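Survey of secondary and tertiary structure
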Amino acid sequence: MSAPAIDPVLHPPARLQIAAALERVDDIEFQTLRDILEVSDSVLSKHLSALGDAGYVELAKAKQNGRQRTWVKATKAGHKAFIDHMTALHELVRATQEAALAAE
Amino acid sequence: MDRDEALASLDAVRNADRRMAGRMRWPFYRHAMFGVSEALIVMGIGIPGSTGIAFIAAGLALLVVQFYGDKRRDGMFVSGYKGTNTRRLTLSLVLLLMMAVGASLILRWDHGTNPLVVGLGALVAIVCTFASLWWERLYRAELLGGGLR
């Protein structure tokens, strides 16, 4: 079995932060996610669209207090991609630290 | 990607977790509602007839109220199974609740309400309320300590 690799979809920091936030909740409302990550509506929409195209997030519309709200949740593929990406990041840091120590 | 980029990415995740931790605060009444809903279900199982059914229905309805209340108040829903230590706590609580349900069945009278069932319900309410408070603290600690990766 090969080691997890860096996922290009999750490479942009904002997208990784979205994936991290989704990992901590069952689902989250668009505006709440925007406020937590301190990004604009358009930036969040753009990244959610990219994550949705990759099959990593699901969007659902629901009425609340007479207003249409968008709810976001990670898919199983999104969950796995995030875990793999984080494992790859930790592995990369560990490997470079070991290489640096070996070179000393 | 090089080491610095990887470290920057990990920092970005830690920042997101810190911000999430700032949001992961539920009011005391929410924890108490959880305790009461579980107590109603446990008591409902130990009380015969329509009263018992009404208790169970009220407990389940209260769980639904909590689900939608969380979403409306916080803009998110977090189940008890998120996290690592938090999941262990949830599973332990499920085990305890199953034991409480078993005890409630044993204490159940054919007619009327065994006062011990009410006592058991009160105990369940207290334990579940404090377990819920503990769960919140554990979850925030995991978010702040990076224990969720």
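Preceding this paragraph is the structure being described.
Residues numbered from 1 in each chain as written. Chains lettered and ligands numbered in written order. Predicted model: local features only at pLDDT ≥ 70, side-chain atom pairs only at ≥ 80, totals over all residues. Heavy atoms only, no water.

Reading across the sheet, the four strands line up as S2(A)-S3(A)-S1(A)-S1(B) and stay open at both edges, with antiparallel pairing between neighbours. Every interior strand has two partners, whereas the edge strands, strand S2 (57–64) of chain A together with strand S1 (76–77) of chain B, have only one. Of the pairings in the sheet, the one linking strand S1 (residues 27–29) of chain A to S1 of chain B comprises two bridges and is antiparallel in character. Within S1 of chain B, the position partnered with aspartate 27 of chain A by the bridge is phenylalanine 77 of chain B. (Pairing = 2+ DSSP bridges. Helix = DSSP H or I, 4+ residues; strand = E, 2+ residues; numbered from the N terminus.)

Across all of its chains, the model carries four aromatic pairs over all chains by this definition. Their ring planes at 70 degrees and their centres at 4.7 Å tell us that phenylalanine 67 of chain B and phenylalanine 77 of chain B sit as a pair that is edge-to-face. Taken as a pair, phenylalanine 67 of chain B in helix H3 (residues 49–74) and phenylalanine 77 of chain B in strand S1 lie far apart in primary sequence, 10 residues in all. You can call phenylalanine 67 of chain B partly exposed: its relative accessible area is 28%. Residue phenylalanine 77 of chain B is classed as buried on the basis of its relative accessible area, which comes to 15%. Judged by centre distance (4.9 Å) and plane angle (25 degrees), the rings of tryptophan 135 of chain B and tyrosine 139 of chain B are stacked. Of the two residues, tryptophan 135 of chain B and tyrosine 139 of chain B both sit in helix H5 (residues 115–145), four residues apart, roughly one turn of that helix. Taken together, Trp26, Trp135 and Tyr139 of chain B form an aromatic cluster joined through their ring pairs. The aromatic ring of tryptophan 71 of chain A is capped on one face by lysine 71 of chain B, whose charged end is 4.4 Å from the ring centroid. (Phe/Tyr/Trp six-rings, centres within 6.5 Å; stacked < 30°, edge-to-face > 60°. Buried < 20%, exposed > 50% of the residue type's maximum accessible area, 1.4 Å probe, protein only. Lys NZ or Arg CZ within 6 Å of the ring centre and 35° of its normal.)

Below, the discussion takes up unusual backbone geometry. Residues and elements named next belong to chain A. Positive phi values are uncommon outside glycine, yet glutamate 38 reaches one of about 55 degrees. Mapped onto the secondary structure, glutamate 38 falls in the loop between helix H2 (30–37) and helix H3 (41–53). Overall, the relative accessible area of 62% leaves glutamate 38 in the exposed class.

To continue, consider the environment of aspartate 11 of chain B. Here aspartate 11 of chain B shows up in helix H1 (residues 3–23). Sequence separation between aspartate 11 of chain B and arginine 108 of chain B is 97 residues; the distance between their C-alpha atoms is 55 Å.

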